[in-house]
Amino acid sequence: MGHLIRFALAQRILIVLFVLLLVGGGWYAWQRIPIDAFPEVSPTQVKVIVKAPGMTPEEVETRITAPIEVELLGIPNQTMLRSIAKYALTDITIDFEEGTDIYWARQQIAERLNTLWVDLPEGIEGGIAPMTTPLGEMFMFTVSGAGLDLMELRTLLDWVIRPALRTVPGVADVNSLGGTVRSFEVVPDALKMAARNITADRLIDALKTNNRNDGAGRLHEGEETLIVRAEGRIQQLSDVRAIVIDTVAGTPITIGDVAEVRIGALTRYGAVSRNGEGEAVTGLVLSLRGANARQTISLVEQKLNAIKKTLPDGVKIGVFYNRGVLVGQAVDTVITALTQAIVLVLLMLVLFLGNWRAALTVALVLPLAALFTFIMMKTMDMSANLMSLGGLVIAIGMLVDAAVVVVENIITQLAHKEKAERLPRLHVIYRATSEVAVSVTSGALIIIIVFVPLLTLQGLEGKLFAPVALTIVFALAGSLILSLTVIPVLASYLLKQVSQEEPWLPRQILKAYRPALLWCLDNGKSVFFGAGALLLLALLLFNQIGSTFMPTMDEGDIIVQLEKLPSITLEQSVALDGRVQKALLEKVPEIAEAVSRVGSDELGLDPMGLNETDTFLILKPKDQWRMDGKEALIDEIRTVLDQLPGIAYGFTQPIEMRVSEMLTGTRGDVAVKLFGPDSAVLNRKAEEIAAVLRSLKGSSDVFLKQNEGMQFLQLKLDRAAIGRFGLDIDVVENLLRAQIEGLKLGIVQEGQVRTPLLLRGAGSSANFASLPIALPGGGYVALSALAKLDRSEGLVSIEREKTQRFAVIRSNVENRDLVGFVDEARNQVAQQVELPTGYSVEFGGQFENQQRAAARLAIVVPVALLLIFLLLFATFGSVRQATLVLSNIPLAMIGGVIALWLSGEYLSVPASVGFITLLGIAVLNGVVMVTHFNQLCIAGMQVGQAVVVGSMRRLRPVLMTAATTAFGLLPMLYATGPGSEIQRPLAVVVIGGLLSSTFLTLFLLPILFQRFGMAKELDDE
């Protein structure tokens, strides 16, 4: 250590050049670090989405979902296989272990799908979803205006806007919702077909085989070559009508003779409505996994501005969700807290050092350590987000600790006139720095070690808090290196004249401290009794503090999730959404805009039913609200929704919703999963569990999907009758699909637009039983002659996890701790709900994350304490002194527990991080005190005298360490922007804990050292 300090002071110009290089490198790194609101918390996840038009949930499960799941089982590193089968769609999610290469995972799934695909039903579409993440929905907009109808707007979105946006770096895809997709429709007339002896098969064959352009080769004409191209592709409706199906006595029978040919639309599985004004067309920009959110959004905005110039006059693009706004607000929250913290730390330095040059010398470590951190973040491919930058805010007060001790000792040595005049000035600085180098290094290493447990967290909590720990470790490591190299050099330039008189503030504190310390040393038993009583009080209060995973981050906007009757039509669902929007906009003036998404999107990434709606509520600025907080606003929205019949509802936020879905397949603080084989039993028992949850204190928005009540018209085909009429099952089922859903027979190329070509019927249930079926030999027969038609109720969806069916009951928790709520829920469900054999219950959601984090910290924190003990033993060479310093830890927790109880915060992961931070600071101050006690004892002082003199001399650095850390965290207590909710519990714990920690370090530790710090024989000497 001494060699490094000596080198720095001997090569001061080189160190100054190093500082300039650090400034340039840090600024360069900051400009190129990706910036996002949230860390990338999603696991390595691959989605498989398969669309099966016309299939019921049971058919989708048995014919598509189950075979794919069986094929995907056994892929290495797989941690979760979850699926949902709904009408015409299945969505399968596969999670892999952390660190698995996403491209490798997608390749493994693609290979297995290719093997299986030929065995799946004909007519299905889909495959692996775009390489985005559950948090990939970063930009949403509507397309409207110019008098265009929904079909024209959707065409504009699909074939002009979407292709342009997909060229933007960082964009994985653009998801389309709302409007209608244009198609060429052929609607056969069964009577005309029967009269001309045309069957459905022949009609389908004619459409398939008369829609192609092809090259025939090359012809030579003299010295030139002609490339022969045959054009037979359909280009307009008249081309479809002119296709010949058959010829009778030389007279062609065309499509136009037996069918109506028209412009139509694909069957819709979802829609979008806005502000109660009717339907809209929206685009959702999905970011590529690992993309720079801020940069991608900026490029998307630039591209949209360029696209607007090419759109028809009057077409408007209205943005209703922009992750960039949240990114900016979250980063502003942290930057503001960082700036305020630096100002407060500077103020403390000036007050304690009494010398603006000394304060400046110490303060310079802040920007330099931050720039060093940015370089390390860039090297580690970390993003600058709420958590990683929050780690820097947490560390601000601790960054100056090493520099404070170094500069304070340099000032003390330079103020010693006799020594300062006898030795060269640089040598005095060298000796002063070397004197505290061991304790400074040990203290910094101790704080670094206490943050190591955060690097071992798994799952969501690991993704959130590993960046916090890494930035703190980087910043502290940089601060330590700078304090032993750059700070002594800066001190040699800046600290020209040092006053021998103590600054006013330390002098006043010292006057009060000396008699208090002497009293404590004389009344050690009373001090021990008081500390013991406080510790007992803290233990009692700790049992009164509830536990939760994390405070909910306020993302600004609100999502209201609506559920209606399962049998509702898309049109009625949209109309109901419109009524909800109008009511909210009229009665809650804080809402600026409302956009509702019902049903499934184009890509199938969000497979909702026609009865499920996500309503995005865009809120006005808070200074225009009538109420103080968001909870009061949500209560008012509840009041409005309670007046609207026919809906169930819940509340969430964009990122919160996707994180919950990603982790558990559902949304909510608590997710109760009921596993079992029979859907009817699952539905019945799920209702019982939901009733139990609703009866518990703190439950909010208890939500159970209504999984029964979907209306089915079931056709039981009569094989004998079908065979007797010369038909087969496949022909009849194809005809039925064409009649209702529409049978895709190809595409019509209209420039760059690819328009589907469909065979379709009327689709009405009024005369469905008498639907005429053309016979091969001519004539026709009614459908009722081939099948028995029954109306019945069935399942809305079938959810599976690891090939087992399950139902989910979710609940949010308000005004109560999460763990206490789940413990009561677990007991009440066990008592009140009797489960048949083969059925089981699991509690997941945020609770699952909290339990995993608590279990991991319970293992790694004791390991970290053991490492700290070994480091202390290596520093002091004494078990008793290492134990003395560690004894500060439980007593330092007193203030943290009391502050947590007084503030009403719960014991969350951020609060646990606060206790870990407190642990490091308590040990650091103990090291500073005990090291100086030892130095004085070695110099010949008696232990009693050394304790008094050492405590007086180390009063200023100990108070400065505590004050700079506390004042550095003070802005986090009062911050109000996005993310402040996560940082506040940490600040509460550390600031409260510093009060008790500092008191115990200054009064209790001297007593302990006087009595137990030295071996008895050494004390006697």
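Counting restarts for each chain, with residues numbered from 1 along the sequence as it is written. Reporting in this predicted model follows two pLDDT cut-offs: at least 70 for local features of residues, and 80 or more for side-chain atom pairs to be given and counted; totals over whole chains, interfaces and linings ignore these cut-offs and use all residues. Note that water and hydrogens are dropped before the side-chain values are worked out from all heavy atoms of the structure.

Enquirer: What am I meant to see in the overall build of the protein chain here?
Expert: Regarding its fold elements, the protein chain presents 35 helices and 30 strands. Principal axes of the C-alpha set define a box for the protein chain whose edges measure 130 × 85 × 55 Å. Only protein chains enter the calculation, and the probe is 1.4 Å; a residue is then buried if its accessible area is under 20% of its type maximum, exposed if over 50%, and partly exposed in between. Burial status across the protein chain gives 57% buried among its 1021 residues. Across the protein chain, contacts joining residues at least 24 apart in sequence account for 79% of those joining residues at least 6 apart. Note on areas: Shrake-Rupley with a 1.4 Å probe; residue coverage comes only from the protein chains shown. Accessible area of the protein chain: about 42500 Å², with a carbon and sulfur share of 56%. The centroid of the 88 positive side-chain charges in the protein chain is displaced by 6 Å from the centroid of its 100 negative side-chain charges. Going along the chain from the N terminus, every DSSP run of H or I of four or more residues is numbered as a helix, and every run of E of two or more is numbered as a strand. Should any heavy atoms of two residues lie within 4.5 Å, those residues are considered in contact. Here the positive residues are Lys and Arg and the negative ones are Asp and Glu; neither His nor the chain ends is included. All charge positions are set by atom: Lys at NZ, Arg at CZ, Asp at CG, Glu at CD.

Enquirer: Any chance you could explain the packing of helix 3 (residues 57–72) against helix 4 (residues 102–117) here in plain terms?
Expert: Their axes nearest at 10 Å, the elements helix 3 and helix 4 cross at an angle of 130°. As far as their axial angle goes, helix 4 and helix 3 are oblique. Crossing angle aside, the handedness with which helix 3 passes helix 4 is right-handed. Across from P67, I68, E71 and L72 in helix 3, the residues of helix 4 making contact are I109, R112, L113, T115 and L116. Lys, Arg, Asp and Glu make up the charged group, whereas Ala, Val, Leu, Ile, Met, Phe, Trp, Tyr, Cys and Pro make up the nonpolar group; the residues left over, Gly among them, are polar. Residue composition of the contact of helix 3 with helix 4, grouped by class: 6 nonpolar, 1 polar and 2 charged. As a rule, the C-alpha atoms of each element are fitted with a line to give its axis, helices using only the stretch in contact, and angles between N-to-C directions run from 0 to 180 degrees. Oblique is the label for any angle not under 35 degrees, not over 145, and not in the 65 to 115 range, which are roughly parallel, roughly antiparallel and roughly perpendicular in turn. With the far helix as reference, a near helix turned anticlockwise by less than a right angle produces a left-handed crossing, and one turned clockwise produces a right-handed crossing.

Enquirer: Would you take a moment to explain a negative patch on the surface for this structure?
Expert: On the surface, a cluster of negative charge is made up of E122, D201, D205, D728, D730 and E733. Of all the elements in the fold, those that place two or more residues in the negative patch are helix 7 (200–209) and helix 26 (729–740). Relative to the helices and strands, D201 resides in helix 7. Classification of D201 as partly exposed rests on a relative accessible area of 36%. The patch calculation keeps residues exceeding 30% relative accessible area without a salt bridge and links them within 9 Å when they carry like charges or within 5 Å when they are nonpolar (Val, Leu, Ile, Met, Phe, Trp, Tyr). By definition here, a salt bridge exists when the distance from a side-chain nitrogen of Lys or Arg to a carboxyl oxygen of Asp or Glu is within 4 Å.

Enquirer: Please explain helix 28 (residues 846–876) as it appears in this structure.
Expert: Residue pairs spaced three or four apart in an α-helix point in one direction, given the helix's 3.6 residues per turn. When the terminal C-alpha atoms of helix 28 are compared, their 44 Å separation across 31 residues agrees well with the 45 Å that a helix rising 1.5 Å per residue should span. Taken residue by residue, helix 28 has Q846, F847, N849, Q850, A853, L857, V860, A864, I868, L871, L872 and F876 as its buried positions. Two residues or fewer after helix 28 comes G877, characterised by a positive phi angle close to 65°. The span you would expect from a helix comes to 1.5 Å times its residue count less one.

Enquirer: Hey, could you run me through the sheet that holds strand 24 (residues 753–759) in this one?
Expert: Strand-to-strand pairing in sheets goes through backbone hydrogen bonds, with the strands running parallel or antiparallel. Pairing within the open sheet is mixed, and its 4 strands lie in the order 12-7-24-23. In this open sheet, the two edge strands, each paired with only one partner strand, are strand 12 (259–265) and strand 23 (743–750). The mean inter-strand angle of the sheet, taken between neighbouring strand axes irrespective of direction, is 25°. This element, helix 5 (residues 150–165), spans strand 7 (182–188), strand 12 and strand 24 of the sheet and lies at about 65° to strand 12. Along the sheet, helix 7 contacts strand 7, strand 23 and strand 24; its crossing angle with strand 23, the most-contacted strand, is approximately 25°. A pair of strands is labelled paired if DSSP reports no fewer than 2 bridges between them.

Enquirer: Is there a simple way to explain the packing of aromatic side chains in this structure?
Expert: By convention here, two paired aromatic rings are described through the distance between centres and the angle between planes. Side-chain rings of Phe, Tyr and Trp (the six-membered ring for Trp) are treated as a pair once their centres are within 6.5 Å; stacked means planes under 30 degrees apart, edge-to-face means over 60, and tilted covers the remaining angles. Counted by the stated rule, this structure contains 10 aromatic pairs. Judged by centre distance (6.4 Å) and plane angle (80°), the rings of F96 and W104 are edge-to-face. Taking the relative accessible area as the measure of exposure, W104 reaches 27% and is therefore partly exposed. Arranged with centres 5.5 Å apart and planes meeting at 35°, the rings of F675 and F806 form a pair that is tilted.

Enquirer: Would you take a moment to explain the environment of K587 for this structure?
Expert: Relative to the assigned elements, K587 resides in helix 21 (residues 570–587). By relative accessible area, K587 is classed as partly exposed at 41%. Apart from the residues lying within four places of it in its own chain, the contact partners of K587 are R626, E636, V640 and Q643.

Enquirer: In this structure, what is going on with helix 1 (residues 2–10)? I would like to understand it.
Expert: Taken together, the buried positions of helix 1 are occupied by I5, A8 and L9. Summarising the axial view, the buried residues of helix 1 lie within an arc of 95°, below the 170-degree limit, and thus occupy one face. Every exposed residue of helix 1 that faces more than 90 degrees away from the buried side is listed here: H3 and A10. If you follow the buried residues of helix 1, they end up packed against helix 2 (12–32), helix 16 (425–450) and helix 18 (459–494). It is the directions from the helix axis to the C-beta atoms whose arc is reported.

Enquirer: When you look at the pattern of salt bridges in this model, what are you seeing that I'm missing?
Expert: Any two side chains of opposite charge can pair, so long as their charged atoms come close to each other. Under the definition given, this model contains 30 salt bridges. Put simply, E61, E69, R800 and R805 are held in one network by salt bridges that share partners.

Enquirer: For this particular structure, what's the right way to read the state of the cysteines?
Expert: In a disulfide, the sulfur atoms of two cysteines are held together by a covalent bond. To count as a disulfide, a pair of cysteine sulfur atoms needs to be within 2.5 Å. Within this structure, the stated rule accounts for 0 disulfides. Left unpaired, C520 is separated from the closest cysteine sulfur, that of C937, by 19 Å. Classification of C520 by relative accessible area gives buried; the value is 7%. On the basis of relative accessible area, C937 is assigned to the buried category, the value being 16%.

Enquirer: Looking at this structure, I do not really get the side chain of S600. What am I missing?
Expert: With respect to the secondary-structure elements, S600 resides in the loop between strand 17 (591–599) and strand 18 (612–619). A residue is classified by how much of its surface remains accessible, and S600, at 14% relative accessible area, is buried. Look past the residues within four positions of S600 in its chain and what remains in contact with it is L89, Y269, G270, D606, P607 and M608.

Enquirer: I would appreciate a short explanation of unusual backbone geometry in the present structure.
Expert: Most of the time, phi is negative for any residue but glycine, and the peptide bond is trans. Although it is not a glycine, N77 sits at a positive phi angle of roughly 70°. The residue N77 is located in the loop between helix 3 and strand 2 (78–86) in this model. Even without a glycine there, the phi angle at T803 is positive, about 70°. Relative to the helices and strands, T803 is located in the loop between strand 28 (797–801) and strand 29 (804–813).

Enquirer: Explain a nonpolar patch on the surface to me, please; I cannot follow it from the model alone.
Expert: A contiguous nonpolar patch, built from F7, I13, L14, V16, L17, L20 and Y493 and spanning about 660 Å² of accessible area, is present on the exposed surface. Among the elements that make up the nonpolar patch, the one with the highest residue count is helix 2 (5 residues). Looking at the element boundaries, F7 is found in helix 1. Residue F7 is classed as partly exposed on the basis of its relative accessible area of 43%.

Enquirer: Is there a simple way to think about the nonpolar core in this case?
Expert: Here is a general trend for soluble globular proteins: nonpolar side chains tend to be buried in one another's company. Here, nonpolar core refers to any group of buried Ala, Val, Leu, Ile, Met, Phe, Trp, Tyr and Cys residues whose side-chain atoms link them within 4.5 Å. Residues F374, F451 and L872 are the most contacted members of the largest nonpolar core, which totals 216 residues. The dominant element in this core, judged by the number of residues it contributes, is helix 14 (residues 386–415), at 20 residues. The contact partners of F374, leaving out residues within four places of it in the chain, are G26, A29, W30, I33, L389 and L392. In this structure, V50, V60, A105 and L795 belong to the second largest nonpolar core, which totals 25 residues.

Enquirer: Would you take a moment to explain the environment of L704 for this structure?
Expert: Along the polypeptide, L704 turns up in strand 21 (residues 699–704). By relative accessible area, L704 is classed as buried at 16%. When the C-alpha atoms of L704 and V362 are compared, they prove to be 58 Å apart, with 342 residues separating the residues in sequence. Aside from chain neighbours lying at most four places away, what touches L704 is E563, A686, E687, A690, V808 and I809.

Enquirer: Mind showing me how you'd approach the environment of S695 here?
Expert: Relative to the helices and strands, S695 resides in the loop between helix 24 (679–694) and strand 21. In this structure, the C-alpha to C-alpha distance between S695 and I634, residues 61 residues apart in sequence, is 21 Å.

Enquirer: What am I meant to see in the packing of helix 12 (residues 356–363) against helix 18 here?
Expert: The angle between the axes and the distance between the axes are what describe a pair of packed helices. Their axes nearest at 9 Å, the elements helix 12 and helix 18 cross at an angle of 155°. It follows from the interaxial angle that helix 12 and helix 18 lie roughly antiparallel. Handedness of the crossing formed by helix 12 with helix 18: right-handed. Between helix 12, through R357, L360 and T361, and helix 18, the contact on the second element is made entirely by I487, L490, A491 and L494. A breakdown of the residues in the contact of helix 12 with helix 18 according to their chemical character gives 5 nonpolar, 1 polar and 1 charged.

Enquirer: I tried to follow the side chain of T961 on my own but got confused; where do I start?
Expert: If you trace the backbone, T961 turns up in helix 33 (residues 955–974). Judged by its relative accessible area of 3%, T961 is buried. Aside from chain neighbours lying at most four places away, what touches T961 is D401, L924 and N925.

Enquirer: When you look at the confidence of the model for the protein chain in this model, what are you seeing that I'm missing?
Expert: The predicted structure's coordinates, where accompanied by low pLDDT, should not be read in detail. By definition, pLDDT measures how confident the predictor is in each residue, and it falls between 0 and 100. Summarising the model, the protein chain shows a mean pLDDT of 85, and 97% of its residues fall at 70 or more. Note that residues 1017–1021 has pLDDT below 50 and, in this model, 4 contacts with residues that lie over four places away or in other chains.

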